[in-house]
Amino acid sequence: MNVGEPYNKIKKMKRQFQLLVVAALGLWNFSCYYDQDVEFPEASGPEIPPDEEISFQTDIEPLFSQSGKDCTVCHNGSVANPDLRVGSAYGEIVPDYVVPGDAEGSELFQKLPGNAHPIDAGFVLSSNEIALIRAWIDRGAENN
Ligand code: HEC
């Protein structure tokens, strides 16, 4: 009988355990990093030209109920907050989720599907759509 065999087995298990610990620590570390420091690089999309008008009613509100990308399946006043249905959206997001003039400081912008939405919404907004929302907030989040 080979006496080294059980010992090797224990060594292998120890190694697997160490790997697990390293992986767990890595994940933990990553999740903290993610909580504290969400960045919005150029991936947030193209610049919207300063002379391009952005209207809440015609450009922003409809983004929340597009077919195939419909936020209001969940954000409808009963499943998830904020209620993003046409007619309710503005009062729901300003000022609770939107800091006029500061998109990156606005929870709405931070948590858009495509930025850091807390669950998989089943779709993400395009970089153009995200850029439009950013510009609307940065320009004062008017109800226009
Ligand atoms: C499949 C369901 C679902 C879809 C679709 C969805 N969301 Fe959400 N959303 C959630 C849930 C669940 C939460 C977290 C729970 C809560 O705050 O009620 C959440 C959280 C958020 C938050 C943060 C709110 C908070 O209080 O933390 C924002 C902002 C948001 N969603 C925006 C959107 C937008 C904009 C869309 C569409 C472009 C969208 N969501 C699509 C389910 C969804």
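Calculation rules
Residues numbered from 1 in each chain as written. Predicted model: local features only at pLDDT ≥ 70, side-chain atom pairs only at ≥ 80, totals over all residues. pLDDT = per-residue confidence, 0-100. Contact = placed C-beta atoms within 7 Å. Helix = DSSP H or I, 4+ residues; strand = E, 2+ residues; numbered from the N terminus. Expected span 1.5 Å × (residues − 1). Buried ≥ 20, exposed ≤ 12 C-beta atoms within 10 Å, placed from the backbone.

Undergrad: Quick question: what am I supposed to make of the confidence of the model for the chain here?
TA: Keep in mind that low pLDDT regions are not for reading the predicted coordinates in detail. Averaged over all residues, the pLDDT of the chain equals 86, while 78% of them reach at least 70. Taken as a whole, residues 32-36 scores under 50 in pLDDT and shows zero contacts with residues more than four places along the chain or in a different chain.

Undergrad: Could you clarify how one ought to interpret helix α5 (residues 127-138) in this entry?
TA: End to end, α5 covers 16 Å across 12 residues, agreeing with the expected 16 Å (1.5 Å per residue, within 8%). Looking at α5, one finds that the buried residues are I130, L132, I133, R134, A135, W136 and I137. Those residues of α5 hidden inside the fold are in contact with α2 (56-60) and α4 (107-110).

Undergrad: Would you mind showing me how to read unusual backbone geometry here?
TA: Among all residues save glycine, negative phi is the norm, and among peptide bonds the norm is trans. The step from N81 to P82 runs through a cis peptide bond, and the omega angle for that step is -5 degrees. A cis geometry characterises the amide bond from V94 onward to P95, with omega recorded as 5 degrees. One can find P95 in the loop between α3 (89-93) and α4. You will see that A141, though not glycine, has its phi angle at about 50 degrees, which is positive.

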